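Tertiary structure, described
So the chains spell out like this:
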Amino acid sequence: MSNRPELLAPPEIFYDDSEARKYTSSSRIIDIQAKLSERALELLALPEDGIPRLLLDIGCGSGLSGETLTENGHQWIGLDISQSMLNIALEREVEGDLLLGDMGQGIALRPGVIDGAISISAVQWLCNADKSSHEPKLRLKAFFGSLYRCLARGARAVFQVYPENIAQRELILRSAMHAGFAGGVVIDYPHRYARPLFRNLMMGFSGLMRRCSEILFVVYKVFAWL
Amino acid sequence: MRLFTHNMLSSNIKGVANGFPLRIEVEQVLEKQVDFNPDFLKNLFPKLEWKALVDAARTMGYAELPEEADSLMLESEEFLRKFHHALLELHLEEGALVCPETGRKFPVNKGIPNMLLHEDEVPDLACNQVLCPTICERYGKVD
Ligand SMILES: C[S@@+](CC[C@H](N)C(=O)[O-])C[C@H]1O[C@@H](n2cnc3c(N)ncnc32)[C@H](O)[C@@H]1O
């Protein structure tokens, strides 16, 4: 049987009360998510002027990633499809504002208002068709299109994702480019930190997307383990 | 949900042309103190729809914000304190957000708005017309 959570059930079912609690009480997961989030925040490259920014955490779950944003002084809005994960976030009294929503339906925010977005270990879920009405390409398109719109000029979005294979990685990246993002792939962290977590994973990457018309590929490397 | 989030949220139901601002229905409001940071307020101010903030704050029981605001007022500590309170310290704990065009209610429970759309409300996806041709050329078609 696969141990990729994405193949077991839709996210709102997979992350039920017990899974949400299990996820958030593992010190290993807490540690990995914090490190991935710190790296993502670094790649957001916000101006170093000490001004707190308004950030978005997509697939914020129980708030492990958002906590890094809070620690760095920022305000954030977190979006997640799992009520159970959000319940744990409430229990942990995270400081961000939480929304129950499906990124694949598009992000319901006004244009140009968000200073930066991170998404840690979440976007690969969009590659699954969990309902007959789900078409991954369209959901990715809705997601990246709406994200592009709600970001402020020059703002960045950083994704750490676990694609199942090269085709998925390409699909995610192409969808982002198609929405207007420029950017590229950075591979450094996941192989060091995520390995014990997703053993059957083929690859991981953090994509760095910058909202501009220039295409900026930062580093591009594929690696695999089993 | 606090009012900075409300000020950014917009109903994206299929066919809705202007989903902003969502009307607030209040059942319960909570107040929680947040550290005062003028820099955050100044940075966010240009992106805010002021009138929507004033109306939302009033609905939540706080009527101290001036009807109009301009960036000069950001020099006044008294103004900033009120702005801070309205934006960051009022929580809609229970209630609903209502789409201004369709009247569709998004319930708010334990402070979390449920923005999940029903299948038939999901918007159709328009192409990004300007970027589409070049991007397709470079990266292959997505759809
Ligand atoms: C591995 S968890 C990561 C949570 C958090 N970012 C962290 O670092 O701990 C993945 C999260 O993505 C959420 N998710 C999956 N598909 C989603 C969707 N379509 N819309 C919003 N959230 C989604 C899941 O509910 C889950 O909470």
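Coordinates for the structure precede this section.
These numbers come from a predicted model, not from an experiment.

What about empty space enclosed by the protein?
Scanning the model with the defined rule gives 1 cavity of 30 Å³ or more in all. Estimated volume of the largest cavity: approximately 120 Å³. In terms of lining, the largest cavity is formed by 15 residues, of which the most central are Leu79(A), Gly106(A), Ile107(A), Ala108(A) and Met115(B). Across the lining of the largest cavity, the residue classes tally to 10 nonpolar, 4 polar and 1 charged.

Quick notes on the nonpolar core
Core analysis: the biggest nonpolar cluster contains 71 residues, and Leu147(A) and Phe83(B) have the highest contact counts within it. Not counting the four nearest positions on each side in its chain, Phe83(B) is found in contact with Leu41(B), Phe45(B), Leu48(B), Trp50(B), Leu53(B), Leu65(B) and Leu74(B). Residues Leu36(A), Leu55(A), Ala89(A) and Ile112(B) belong to the second largest nonpolar core, which totals 21 residues.

Considering the interface of chain B and chain A
Listed per partner, the contact involves 45 residues of chain B and 45 residues of chain A. Summing the contributions of chain B and of chain A, the shared interface buries around 3900 Å²; its carbon and sulfur component is 60%. One can count 4 salt bridges joining chain B with chain A. For Arg2(B), the salt bridge goes to Asp97(A), with nearest N and O atoms at 2.9 Å. At the boundary of chain B with chain A, the tally comes to 16 residue pairs in polar contact (both at pLDDT 80 or more). Mapped by element, the contributors of at least two residues to the side of chain B that touches chain A are helix 1 (3-8), helix 2 (38-44), strand 4 (112-113) and helix 5 (132-139) of chain B.

Examining the packing of helix 2 (residues 17-25) of chain A against helix 5 (residues 83-91) of chain A
Residue and element names in this part refer to chain A. With their axes 8 Å apart at the nearest point, helix 2 and helix 5 run at an angle of 50 degrees to one another. It follows from the interaxial angle that helix 2 and helix 5 lie oblique. In the packing of helix 2 onto helix 5, the handedness of the crossing is right-handed. Together, Asp17, Ala20, Arg21, Tyr23 and Thr24 of helix 2 and Ser84, Met85, Ile88 and Glu91 of helix 5 make up the contact between the two elements. A class-by-class count of the residues in the contact of helix 2 with helix 5 yields 4 nonpolar, 2 polar and 3 charged.

Cut-offs applied
- Residues numbered from 1 in each chain as written.
- Chains lettered and ligands numbered in written order.
- Predicted model: local features only at pLDDT ≥ 70, side-chain atom pairs only at ≥ 80, totals over all residues.
- Heavy atoms only, no water.
- 1 Å grid on protein atoms, 1.4 Å probe; cavity = no way out; pocket = protein on both sides within 12 Å on 5 of 7 lines; lining within 4 Å.
- Points joined across faces, edges and corners; volume = space filled by probe spheres on them.
- Nonpolar A, V, L, I, M, F, W, Y, C, P; charged D, E, K, R; others polar.
- Core = buried A, V, L, I, M, F, W, Y, C linked by side-chain atoms within 4.5 Å.
- Buried < 20%, exposed > 50% of the residue type's maximum accessible area, 1.4 Å probe, protein only.
- Contact = heavy atoms within 4.5 Å.
- Buried area = accessible area lost by both parts, 1.4 Å probe.
- Salt bridge = Lys/Arg side-chain N within 4 Å of Asp/Glu carboxyl O.
- Polar contact = N/O pair within 3.5 Å; in protein donor to acceptor, adjacent residues only side chain to side chain.
- Helix = DSSP H or I, 4+ residues; strand = E, 2+ residues; numbered from the N terminus.
- Axes fitted to C-alpha atoms, helices over the stretch in contact; angles between N-to-C directions.
- Parallel < 35°, antiparallel > 145°, perpendicular 65-115°, else oblique.
- Left-handed = near helix turned anticlockwise from the far one by under 90°.

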